[in-house]
Amino acid sequence: MASQAGPSCRLVFCLLISAAVLRPGLGWYTVNSAYGDTIIMPCRLDVPQNLMFGKWKYEKPDGSPVFIAFRSSTKKSVQYDDVPEYKDRLSLSENYTLSISNARISDEKRFVCMLVTEDNVFEAPTIVKVFKQPSKPEIVSKAPFLETEQLKKLGDCISKDSYPDGNITWYRSGKALQPLEGVVVLIFKKQMDPVTQLYTMTSSLEYKATKADIQMPFTCSVMYYGPSGQKTVPSEEAIFDIYYPTEQVTIQVVPSKTAIKEGDNITLKCLGNGNPPPEEFLFYLPGQPEGIRSSNTYTLTDVRRNATGDYKCSLIDKKGMIASTAITVHYLDLSLNPSGEVTKQIGDALPVSCTISASRNATVVWMKDNIRLRSSPSFSSLQYQDAGNYVCETALQEVEGLKKRESLTLIVEGKPQIKMTKKTDPSGLSKTIICHVEGFPKPAIQWTITGSGSVINQAKESPYINGRYYSKIIISPEENVTLTCTAENQLERTVNSLNVSANENREKVNDQAKLIVGIVVGLLLAALVAGVVYWLYMKKSKTASKHVNKDLGNLEENKKLEENNHKTEA
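Description of the structure in this document.

Conventions we followed
- Residues numbered from 1 in each chain as written.
- Predicted model: local features only at pLDDT ≥ 70, side-chain atom pairs only at ≥ 80, totals over all residues.
- Heavy atoms only, no water.
- Core = buried A, V, L, I, M, F, W, Y, C linked by side-chain atoms within 4.5 Å.
- Buried < 20%, exposed > 50% of the residue type's maximum accessible area, 1.4 Å probe, protein only.
- Contact = heavy atoms within 4.5 Å.
- Pairing = 2+ DSSP bridges.
- Helix = DSSP H or I, 4+ residues; strand = E, 2+ residues; numbered from the N terminus.
- Axes fitted to C-alpha atoms, helices over the stretch in contact; angles between N-to-C directions.
- Salt bridge = Lys/Arg side-chain N within 4 Å of Asp/Glu carboxyl O.
- Disulfide = S-S within 2.5 Å.
- 1 Å grid on protein atoms, 1.4 Å probe; cavity = no way out; pocket = protein on both sides within 12 Å on 5 of 7 lines; lining within 4 Å.
- Points joined across faces, edges and corners; volume = space filled by probe spheres on them.
- Nonpolar A, V, L, I, M, F, W, Y, C, P; charged D, E, K, R; others polar.
- Phe/Tyr/Trp six-rings, centres within 6.5 Å; stacked < 30°, edge-to-face > 60°.
- Lys NZ or Arg CZ within 6 Å of the ring centre and 35° of its normal.

1. Concerning the nonpolar core
Judged by nonpolar contacts, the single largest core of 52 residues is most densely connected at M41, W56, I68, F111 and Y207. When neighbours within four sequence positions are excluded, M41 is seen to be in contact with V31, W56, Y96, T97, L98, I100, F111, T126 and V128. Grouped together as the second largest cluster of nonpolar side chains are 19 residues, V303, A307, L315 and I327 included.

2. Considering the sheet that holds strand β43 (residues 493-500)
A sheet is described by the order of its strands in space; here 3 strands give the open sequence β39-β42-β43, paired in antiparallel fashion. At either end of the open sheet lies a strand with only one pairing partner, and these are β39 (444-450) and β43. Taking the axes of each pair of neighbouring strands and ignoring which way they run, one obtains an average angle of 20° across the sheet.

3. Observations regarding the pattern of salt bridges
Applying the stated criterion across every chain yields a total of 18 salt bridges. D264 is paired through a salt bridge with K261; the nearest N and O atoms lie 3.2 Å apart. An identical accessibility class is assigned to D264 and K261; each is buried. Members of the salt-bridge network, linked through shared partners, are E262, R305 and D333.

4. Looking at the state of the cysteines
A complete count under the given rule lists 5 disulfides for this structure. Cysteine pairing for the chain (bonded cysteines numbered in sequence order): 1-2, 3-4, 5-6, 7-8, 9-10.

5. Quick word on the sheet that holds strand β26 (residues 292-294)
In space, the 4 strands of this open sheet follow the order β26-β25-β28-β29, with antiparallel pairing throughout. Unpaired on one side and paired on the other, β26 and β29 (322-327) mark the two borders of the sheet. Direction aside, neighbouring strands of the sheet carry axes that sit 25° apart on average. Sheet analysis places strand β25 (residues 281-284) next to β26, joined by 3 bridges and oriented antiparallel. Looking at β26, one finds that L282 is bridged to R293.

6. Let's talk about the layout of surface pockets
Unoccupied space between atoms shows up once a probe the size of one water molecule is rolled over them. Estimates place the volume of the largest pocket at around 180 Å³. If you go around the largest pocket, the residues you meet are V253, S256, K257, T258, A259, I260, A326, I327, T328, H330 and R360. Residues of the lining of the largest pocket, tallied by class, amount to 5 nonpolar, 4 polar and 2 charged.

7. Structural notes on the packing of aromatic side chains
Evaluation of the coordinates by the stated rule reveals 11 aromatic pairs. An angle of 25° between the planes, with centres 5.8 Å apart, marks the rings of F283 and Y298 as stacked. Here F283 is found in strand β25, whereas its partner Y298 is found in strand β27 (residues 297-300), with 15 residues between them in sequence. Above the ring of F145, the side-chain terminus of K152 is found at 3.7 Å from the ring centroid. The side chain of R305 reaches across the aromatic face of Y331, ending 3.8 Å from its centre.

8. What to know about the pairing of strand β4 (residues 51-59)
With 8 of 9 residues buried, β4 is to be regarded as a mostly interior element. Summarising the sheet, β4 and strand β5 (residues 65-72) pair through 7 bridges and their orientation is antiparallel. Residue pairing in the sheet places K57 in a bridge with F67 of β5. Taking the residues between adjacent antiparallel strands as the criterion, β4 and β5 are bridged by 5 residues, where G63 takes a positive phi near 95°.

9. Overview of the environment of G166
Relative to the helices and strands, G166 is located in the loop between β13 (151-162) and β14 (167-172). A sequence separation of 33 residues divides G166 from Q133, and the C-alpha atoms of the two residues are 9.3 Å apart.

Listed below in structure tokens is the structure:
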């Protein structure tokens, strides 16, 4: 620097450096910079007309100066002193503003801008402050759980790389925690990295939890100072599992049912309201004074009605803490008498009873062939129509799935009974003979004819309904005949006969038919004769008409001649 400034400049600088004065009106000036940013320090001096050069220096803790930058006013050249910590970090502008890149904590010094003339040296000091925002605080070494009524370490809140050092505050649900003996214990410590000169702050929290802390968020925050003032950075929330003893025991039936019926499986579940919940309990069954040790569930399979009663459970170590529940096992019994397949004879009496035994009032429904009956069946004299499939069904409406049913298949048997009737056709040419049969099993019907005659058509049968049907034939006997109807089933063979007289009007009917034919033929001949006579008459009428027309013509001509003669005479 001296060689470039020249011997005269060097001499003047040496003479005046000790006489440098602070420019009147300039006080302490502070530049705040964030860690890693560029520090910009204006000279704050008016450049004199006779300026020779300008320089920047900083002061050591002992007050000795260290020059770092030089700029000539004539050659416009800039020189930077060989100071290792500022190598490649300095920039001096034409107005003597000094910039320091990548601000460090070690840059916190008192810098001085010096403007040198031939007869004076002017100085303007600047204080540099560097700030480093700490890392976001983090809760570490978190307790896996907290226990009520026990002071226990909750965790550590750590924030790193801060300058200057900051302070840490703990919060419960957004409210700051203050030290309280036996309840809240805070231990704060800070540590500086000797290389980076950055601080790490740690705050440990010991806390006595209560049940009110369940699901409560805990946070911490670090308060630090930055270039623009005080700031705060919060941590993420942390929620801790709170352990507390069981204070109450409850018992449940699972799965929850409105009603339990015979054959169901019952699972009893005992619960304690502590955290963590108890894992073992004692279960007490009705009529058993000793408890059964089990996990929090106990299952009874295929329960019967005698399982109705009070069920209890308690903690293993606190038998006085008991919970109980009453269980009713519903049942339904049905007895149908008689039941199954029953065969009776027509006219017999048959008493039928459907007896119900249940834990509650049950509904009873009778069905016959899938059709609901209005009342229970009663048979004092069985008829064929009473046969069928009867079902007695009962249910407990309040208990899902509790139904019972029994069936009775009633068969009414009877020997064949025959009744024969006859009906004569209005023409008198044929007669209809009907054989009415009743019986069960269904009797087979067979016709036989004794005497001469013809069967006009095959026998026709009606549908078999309620043990009855009929068979009919139509005949036209030429002489007296006897018709026999035979009905037979597995029980008996029954025969009945009916005498049928010949058709007496048959010859009369034939004579009448002949007479009718003769009359018809006579009428046809008479009509033919009348037609011939009418034809001849019409022919004669046409000839006479021609002669009359001719005579009338001659008459008109004579009349006209007479009129002409009279006119001539006049």
